[in-house]
Each structure stands twice: as C-alpha cells, then as structure tokens.
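Commentary on secondary and tertiary structure
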Amino acid sequence: MTLIVLRPQPGADATAARARALGLAAVVAPLFDIVARPWSPPPGRFDAVLLTSANAPRALGEAREALARLPAYAVGAATAAAARAAGFATVVAGASDVADLVRDAAGAGVATMLHLAGADRTRFDPGPIAITTRIVYAAEAVDPAPRLPPAPAVALLHSGRAARRFREVAGPVGGYAIAAISAKVAAAAGDGWRAVAIAARPDDDALLAAAAGLCQ
C-alpha cells in the first residue's frame, strides 16, 4: 500500500525517510510550500522566544543572531532540533501542547515572549505571559496540486488545512485511507474514506505507526 506524504518540505522528506525505514512505500507529494514572510522584530526586550513549528527558526533572517541569544521554548522535538540548528544555545523542548509549554515558561520566571509563527496558526491561552506574535512564514498551496498516487493508498494528514486540501484534490475519496495526527485533523478531512486511523500522540512517529496499521 502506498503511503502519501503531503506535508511541506523539508519535513516531507524526513517523514518519508522514517516511513521507508519502517518498510513502508512512501511517495512525497507536498500540498503546500513554506514561504518566508518579510518581518522585523518588535521594539522592546523579551525574556524568551516561542517556537511552535520547525519552520519558524528557519525563517529568522537578519534577526537570527540577536534572537539566538534568548532562550527558545520549542513545541516538539523537531522544532527544538530546528532551533538548535538555527543557533539557539538554550532550547527548552516541550510536548505537543503549546499551552503547557507556556505555563512551564511562566513557572521558570518568563514574563514576556516573542512568538515566531506561521500565518495559519492555532490560538492558545498565553496565561500570565505577555506574548507578542510575528508572522515569519506561510504555508502556500501548491498550484497546480501535485498528482497523487492512485487509490488504494494511505494519506498522512499533519494538519487540518492539509486535510481539507487533500479532500479537494483527491477526487472520489472512497479508495483512499487517511492517517491523521489528531481527531480534529481527521474531522477536517470529512467522511467517506476507505479507512481512518488517528495517531495515539500528535507526533510524526505515532502518525506513522497509525498509518502502518492501515498499510497491512
């Protein structure tokens, strides 16, 4: 059974490599391109930087040197790795829940944070921390959409936006199965799929484990 990796690059190749290591036949067909957005750091001083996607530290631009001196709070191991690669010396890696990570930062004495985010982002409760957000990248739909492998195949859905876009380009959905990183993402894909699996945790390894079950 073919596994379709729809996430943008460079994450798509990383996911495909993990899939192939599990013996899955992965085909990369990104539905979105990551495009850096022009931005400038806001005035004032911040105690830390908040990174909720691995795409953000790759889009620091001329602000890289100055921001890398601050502690970075990163959601997920992939984002933490991207932060270290971008030059952040102090990286605090949290799980998938940004609200929990922000509470941890508040407990460590952080009062102000600069959130470097994508244009399509999930809102969260900042708690007691004053958070200033700057959009540093956007995921733009590939047009025309990539040609998908024919069904039967299993599509990996990392986000609600990808789920909705995949439904648009998949045509008759009955032959495709989907593996979603969360129940919310699965719901965004709608009904009618041959099979649906939801990751036990919202991370790449758990998503691939769910997809492997559909590929048997």
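Residues numbered from 1 in each chain as written. Predicted model: local features only at pLDDT ≥ 70, side-chain atom pairs only at ≥ 80, totals over all residues. Heavy atoms only, no water.

We now examine the packing of aromatic side chains. Summed over all chains, the structure comprises 2 aromatic pairs. For the ring pair F166 and Y176, a centre distance of 5.5 Å and an interplane angle of 80 degrees mean the geometry is edge-to-face. Of this pair, F166 sits in helix α5 (residues 160-170) while Y176 is found in strand β10 (residues 176-180), placing the two residues 10 residues apart along the sequence. Judged by its relative accessible area of 0%, F166 is buried. Take Y176: its relative accessible area is 6%, and that puts it in the buried class. (Phe/Tyr/Trp six-rings, centres within 6.5 Å; stacked < 30°, edge-to-face > 60°. Helix = DSSP H or I, 4+ residues; strand = E, 2+ residues; numbered from the N terminus. Buried < 20%, exposed > 50% of the residue type's maximum accessible area, 1.4 Å probe, protein only.)

Assignment of secondary structure puts A81 in helix α3 (residues 77-85). Expressed as a C-alpha distance, the spacing of A81 and R121, which sit 40 residues apart in the sequence, is 20 Å.

Turning to the layout of surface pockets, a few remarks are in order. Within this model, the second largest pocket holds a volume of roughly 150 Å³. If you go around the second largest pocket, the residues you meet are P41, P42, G44, R45, F46, A66, L67, R69, L70 and L114. Here the lining of the second largest pocket is composed, by residue class, of 7 nonpolar, 1 polar and 2 charged. (1 Å grid on protein atoms, 1.4 Å probe; cavity = no way out; pocket = protein on both sides within 12 Å on 5 of 7 lines; lining within 4 Å. Points joined across faces, edges and corners; volume = space filled by probe spheres on them. Nonpolar A, V, L, I, M, F, W, Y, C, P; charged D, E, K, R; others polar.)

This brings us to the nonpolar core. Grouped together as the largest cluster of nonpolar side chains are 42 residues, with contacts concentrated most on L3, L157 and F166. Secondary-structure elements contributing two or more residues to this core are β1 (2-5), α1 (11-21), β9 (153-157), α5, β10, α6 (183-188) and α7 (204-215). It is α7 that provides the largest number of residues to this core, a total of 7 residues. Sequence-distant contacts of L3, defined by excluding residues within four places in its chain, comprise A19, L24, A25, A26, V27, V154, L156, L208, A211 and C215. Listed in part, the 21 residues of the second largest apolar core include V49, A56, L67 and A83. (Core = buried A, V, L, I, M, F, W, Y, C linked by side-chain atoms within 4.5 Å. Contact = heavy atoms within 4.5 Å.)

Here strand β5 (residues 72-75) pairs with strand β6 (residues 91-94) via 4 bridges, running parallel. Considered in β6, the bridge of Y73 is made with V92. Between the parallel elements β5 and β6, the chain passes through α3 in a crossover that is right-handed. (Pairing = 2+ DSSP bridges. Right-handed = clockwise from strand over helix to strand, strands pointing away.)

So, on to the sheet that holds β1. The strands that make up a sheet pair up through hydrogen bonds in the backbone, lying either parallel or antiparallel. Reading across the sheet, the 5 strands line up as β2-β1-β9-β10-β11 and stay open at both edges, with parallel pairing between neighbours. Every other strand in the sheet has two partners, leaving β2 (25-28) and β11 (195-198) as the edge strands with one partner each. Neighbour-to-neighbour, the strand axes of this sheet turn through a mean angle of 25 degrees, independent of strand direction. Pairing of β1 with β2 involves 4 bridges; the strand directions are parallel. Bridge assignment links V5 to a residue of β2, and that residue is V28. The sheet strands contacting α5 are β9 and β10, and the helix crosses β9 at an angle near 150 degrees. Relative to β9, α7 is tilted by about 165 degrees, and along the sheet it contacts β1, β9, β10 and β11. (Axes fitted to C-alpha atoms, helices over the stretch in contact; angles between N-to-C directions.)

A few words on the sheet that holds strand β4 (residues 48-51). An order of β3-β8-β7-β4-β5-β6 is seen for the 6 strands of this open sheet, with the pairing classed as mixed. At either margin of the open sheet sits one strand with a lone partner, and together these are β3 (32-36) and β6. The sheet shows a mean angle of 25 degrees between the axes of neighbouring strands, taken without regard to direction. Where β3 and strand β8 (residues 130-141) come together, 5 bridges link them in antiparallel fashion. In the strand pairing of β8, F32 is matched with A141. Where helix α4 (residues 98-107) meets the sheet, it contacts β4, β5, β6, β7 (112-118) and β8, and its direction lies at approximately 155 degrees from that of β5.

Now for the pattern of salt bridges. Across all of its chains, the model carries 6 salt bridges by this definition. Linking E65 and R69 is a salt bridge whose minimum nitrogen-to-oxygen distance equals 3.7 Å. A relative accessible area of 61% means that E65 is categorised as exposed. A relative accessible area of 62% places R69 in the exposed class. In this structure, the salt-bridge partner of R201 is D203, at a minimum N-O distance of 2.9 Å. For R201, a relative accessible area of 45% corresponds to the partly exposed category. (Salt bridge = Lys/Arg side-chain N within 4 Å of Asp/Glu carboxyl O.)

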